[in-house]
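Read off the chains here:
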Amino acid sequence: MNEKKFTVRIDTISKVKEFVRLVSAHNADTELRSGRFVVDAKSIMGIFSLDISKPIDLNVHTDKDTEDIMAALKPYLAE
């Protein structure tokens, strides 16, 4: 299983909704980490329990290559 870690910025309600839609379209286990909190990246309510004003760590676990999901999420990757 491949695991990749990225930092994402989803600091508005519209970005959160689109982010969840894109993540949910892929068959990968995804989680967001902010400090000691970990939530399912496919959960809008979970994301709103985090401090979205700061970049958040995204962990992607999949049996496939992560290129597809990362291409879809490129606008959300923190530089």
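That block above? That's the structure.
Residue positions are given per chain, counting from 1 as you read along its sequence in written order. Only residues with pLDDT of at least 70 get local features here, since the model is predicted, and only at 80 or more are side-chain atom pairs given and counted; chain-wide, interface and lining totals rely on the full set of residues. The basis for the side-chain values is all heavy atoms of the structure; hydrogens and waters are excluded.

Asks: Help me understand the overall build of the protein chain in this model?
Replies: Secondary structure elements follow DSSP: runs of H or I of four or more residues count as helices, runs of E of two or more count as strands, with numbering from the N terminus. Along the protein chain, the regular secondary structure elements total three helices and four strands. N-terminal to C-terminal, the α/β element order of the protein chain is β-α-β-β-α-β-α. Each principal axis of the C-alpha distribution contributes one length, and for the protein chain these read about 30 × 25 × 25 Å. Accessible area is worked out with a 1.4 Å probe on protein chains only. A residue is then buried under 20% of its type maximum, exposed over 50%, and partly exposed in between. Buried positions account for 37% of the 79 residues belonging to the protein chain. In this analysis, two residues are considered to be in contact whenever any of their non-hydrogen atoms come within 4.5 Å of each other. Excluding contacts between residues fewer than 6 apart, the proportion of contacts in the protein chain whose partners are at least 24 apart in sequence is 66%. Calculation of accessible area relied on Shrake-Rupley with a 1.4 Å probe; when residues are assessed, cover is drawn exclusively from the protein chains displayed. Carbon and sulfur atoms form 49% of the exposed surface of the protein chain, whose accessible area is close to 5000 Å².

Asks: Help me understand the packing of aromatic side chains in this model?
Replies: Two descriptors summarise a pair of aromatic rings, namely the distance from one centre to the other and the angle between the planes of the rings. A pair of Phe, Tyr and Trp rings is counted when the ring centres sit within 6.5 Å of each other, with Trp represented by its six-membered ring. The angle between the planes then sorts it: under 30 degrees is stacked, over 60 is edge-to-face, the rest tilted. For the structure on display, the rule yields one aromatic pair. Seen in terms of ring centroids, Phe19 and Tyr76 are 5.7 Å apart; in terms of plane orientation they differ by 75 degrees. Their pairing is edge-to-face. Here Phe19 is found in helix H1 (residues 13-24), whereas its partner Tyr76 is found in the segment after helix H3 (67-72), with 57 residues between them in sequence. Accessibility classification places Phe19 together with Tyr76 in one group, the buried group.

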